[in-house]
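# Examining the three-dimensional arrangement
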Amino acid sequence: MAEVRTETMTVNMGPQHPSTHGVLRLVLELDGETVVSVSPTIGFLHTGIEKTAEQKKWQQVIPLVERMDYLGAQSNSFAYCLSVEKLLGLEVPQRVKDIRVLIAELQRISSHLVWFGTHAMEIGAITGMLYAFREREILMNLNEMLAGFRFFPSYIRVGGLRDDLPRDFKEAVTAFLDRFVPVSGGGKLDEYETLITKNPIWLDRTRGVGMITLADCYNWGLFGPIARAAGGDYDVRRAFPYSGYETYQFDVIGASNGDVYDRYLTRVAEMRESVKICRQALERISPVGEYQVADRRVAPPPKDEVYTEMEALIQHFLIYSQGFNVPAGEAYVPVEGPRGEHGCYVVSEGGNRPMRVHMRSPGLMASQALHKFIVGGMIADVIAVIGSLDVVMGDVDR
C-alpha cells in the first residue's frame, strides 16, 4: 500500500482577526486542525509611550501611562505614582490611600467585565457580553463623576489625587456594589454565572483547554489570575503590600487545573473579592478630608491661598509651568493589576522630567508564552486560550 503523504500548513491568525484581542499576529503551523507550533508577532500597535514619557514633566506622564493597558488605566497610573513617590520620599495621607484602593478595585472590576464579555462572546455566549457591558457602563459613569473622563480619568496623581471625591460619589459606588454583588446575595454577577458557569457548551470549550503548570507560569513570568488558576497564591497586595492593603480583609482566590475554565473561575471570584475590598474602603473614607500631601514641592497650594497670597501664587505657577524636581535615583514599585503584577520602573537624574519610564507588562509575558498554552491543541481552542489570558495589546506594544 502506498504511503500517504502528509504535510503541515502555515496560516496567519491576525493581526486583523477580531478575536486576537487587538493587533496580535500568530503564525500557526497546523497538522490538520492541531497546532504544531506558533510564532507570536507583536509591534503593530507600537506607540512609543515610554519614550514619549521622557519628554514630559513628571505629572504629565500620567495620561500617557494610562493609555498603555487601557483597560486597567488607573492601575498603570497607580504604579507610576507609587514609584515616583518612592523617589520623592513622600507618604500620602491615609485617606488618599483608601481612596486609591477603592479606585484600583473598581478598575479591576471594570477590566474583568470587559474580559468576561469579550471572552464569552468569542466562544459563542453573546448575551454575556451584553450583560457585562451593561454593568461596565455604570463604572464609566463613576469615572466621569471623578474627573469628567470615562476611560482615562488621570485621577491618581503624584502626591495624592486630582481632587477630592465629588458629592454623592460614595452613594453611587454603594449603589453599584449593591446591584453587582448585594450583601444579601444574588445580583448581576450571579446572573453571569447562571448563564455561563455550568453551561455545557462553555464547559466543553474551556475544560482541559490551554493548560499550563504553575512551574511554567513562574518560568515565563506569568502571575496574577493565570498563575493563581494553576495553583499559585502570589498576589502583590499580599506579598508586597502597598497603600494599606495589608489592613484589608480579602481572599487570594485560585484554582488548580490551570486551564481556560479555571482562569474564568478565578477572575469571576476576584470580582467578588474586589467588591468586598470596595465596601471596606467606603467605610474608611470620610466624606471630606485630605486628598494630597501637604508638601508644597509637589502639591499646589489651596485656591484660597493662591487668590490671596503672592507666595502661594508663585508656587502654583511654578508647579504648573515647571513641574517639580525628583531626586536622582531609580525605583520600581509593583501593583496587582487586573492582569497580574503590573510594575513601574522609573529613573530620575534629579530634574523635572524622567530619564526612563518602563512598565512591566503582564500582556507581554503572556504573549511570549502563548506556545505553552496552545501547541498540541486544536485551532478552534486558540481563540478560547487568548481570551482566557486577557491580553491587552496596548500594554504589549507600548
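As a starting point, this report considers the structure included with it. Every value quoted in this text rests on a predicted model; they were computed, and no experiment measured them.

### A few points about a nonpolar patch on the surface
Where nonpolar side chains cluster on the molecular surface, the patch consists of Met310, Leu313, Ile314, Phe317 and Leu318 and spans about 490 Å² of accessible area. As for its placement among the helices and strands, leucine 318 is situated in helix H14 (residues 310-321). A residue is classified by how much of its surface remains accessible, and leucine 318, at 36% relative accessible area, is partly exposed.

### Here's the deal with the state of the cysteines
Using the criterion set out here, one finds zero disulfides in the structure. Counting only cysteine sulfurs, cysteine 344 is the nearest neighbor of cysteine 81, a cysteine outside any disulfide, at a range of 8.9 Å. Since its relative accessible area comes to 0%, cysteine 81 is described here as buried.

### Some points on empty space enclosed by the protein
On inspection of all chains with the given rule, the structure shows three cavities of 30 Å³ or more. Taken as a whole, the largest cavity encloses approximately 90 Å³ of empty space. Taken together, the elements giving at least two residues each to the lining of the largest cavity come down to helix H4 (94-123) and helix H5 (126-147). With five residues, H5 is the single largest residue contributor to the lining of the largest cavity. For the lining of the largest cavity, the class distribution of residues is seven nonpolar, four polar and no charged.

### Observations regarding the side chain of serine 361
When you line up the elements, serine 361 lands in the loop between strand S8 (354-359) and helix H15 (362-368). Exposure remark for serine 361: the relative accessible area of 1% places this residue in the buried category. Excluding its chain neighbours within four sequence positions, the residues that come into contact with serine 361 are Asp395, Val396 and Arg398.

### Quick look at the pattern of salt bridges
All chains considered together, the criterion is met by 27 salt bridges. Taking the shortest distance from any N to any O, the salt bridge between glutamate 54 and lysine 51 comes out at 3.1 Å. According to the relative accessible area criterion, lysine 51 is exposed, its value standing at 53%. Taking the shortest distance from any N to any O, the salt bridge between arginine 237 and aspartate 235 comes out at 2.7 Å. Judged on exposure class, the residue arginine 237 and its partner aspartate 235 are both buried. Beyond isolated ion pairs, a larger network of salt bridges with shared partners links Glu105, Arg108, Arg228, Asp235, Arg237, Glu270 and Glu336.

### Considering unusual backbone geometry
One non-glycine residue, aspartate 168, adopts positive backbone phi at about 70 degrees. By the secondary structure assignment, aspartate 168 is in the loop between strand S5 (160-161) and helix H6 (169-180). Looking at aspartate 168, the relative accessible area reads 49%, which means it is partly exposed. In this model, serine 243 sits at a positive phi of 55 degrees, which is unusual for a non-glycine residue. Mapping serine 243 onto the fold places it in the loop between helix H11 (236-239) and helix H12 (260-284).

### Thoughts on the packing of H4 against H12
Closest axis-to-axis distance for the H4/H12 pair is 9 Å, and the angle between their directions is 150 degrees. Considering their axes alone, H4 and H12 lie roughly antiparallel with respect to each other. For the crossing formed where H4 meets H12, the hand is left-handed. The class makeup of the residues in the contact of H4 with H12 is 16 nonpolar, three polar and seven charged.

### Some details on the sheet that holds S8
Pairing between the strands of a sheet is mediated by backbone hydrogen bonds and can be parallel or antiparallel. Taking strand neighbours across the sheet as the criterion, the three strands line up as S6-S7-S8 in an open arrangement whose pairing is antiparallel. Edge positions in the sheet fall to strand S6 (329-337) and S8, since each has one partner strand and no second. Each adjacent strand pair in this sheet contributes to an overall mean axis angle of 15 degrees, direction not counted. Note: S6 against strand S7 (residues 340-348), nine bridges, orientation antiparallel. Counted as the bridge partner of valine 335 is histidine 342 from S7.

### Here's the deal with the nonpolar core
Within the largest apolar cluster, 82 residues are counted, with the highest numbers of intra-cluster contacts made by Tyr80, Leu102, Val158, Phe169 and Phe180. In terms of residue count, H4 provides more of this core than any other element does, 13 residues in total. When sequence neighbours within four positions are dropped, the list of residues in contact with leucine 102 reads Phe169, Val173, Cys278, Ala281, Leu282 and Ile285. Core analysis: the second largest hydrophobic core is formed by 28 residues, Met13, Leu28, Ala230 and Ile374 among them.

Calculation notes
Residues numbered from 1 in each chain as written. Predicted model: local features only at pLDDT ≥ 70, side-chain atom pairs only at ≥ 80, totals over all residues. Heavy atoms only, no water. Patch = residues over 30% accessible without salt bridge, like charges linked within 9 Å, V, L, I, M, F, W, Y side chains within 5 Å. Areas by Shrake-Rupley, 256 points an atom, 1.4 Å probe, with all protein chains shown as cover. Salt bridge = Lys/Arg side-chain N within 4 Å of Asp/Glu carboxyl O. Helix = DSSP H or I, 4+ residues; strand = E, 2+ residues; numbered from the N terminus. Buried < 20%, exposed > 50% of the residue type's maximum accessible area, 1.4 Å probe, protein only. Disulfide = S-S within 2.5 Å. 1 Å grid on protein atoms, 1.4 Å probe; cavity = no way out; pocket = protein on both sides within 12 Å on 5 of 7 lines; lining within 4 Å. Points joined across faces, edges and corners; volume = space filled by probe spheres on them. Nonpolar A, V, L, I, M, F, W, Y, C, P; charged D, E, K, R; others polar. Contact = heavy atoms within 4.5 Å. Axes fitted to C-alpha atoms, helices over the stretch in contact; angles between N-to-C directions. Parallel < 35°, antiparallel > 145°, perpendicular 65-115°, else oblique. Left-handed = near helix turned anticlockwise from the far one by under 90°. Pairing = 2+ DSSP bridges. Core = buried A, V, L, I, M, F, W, Y, C linked by side-chain atoms within 4.5 Å.

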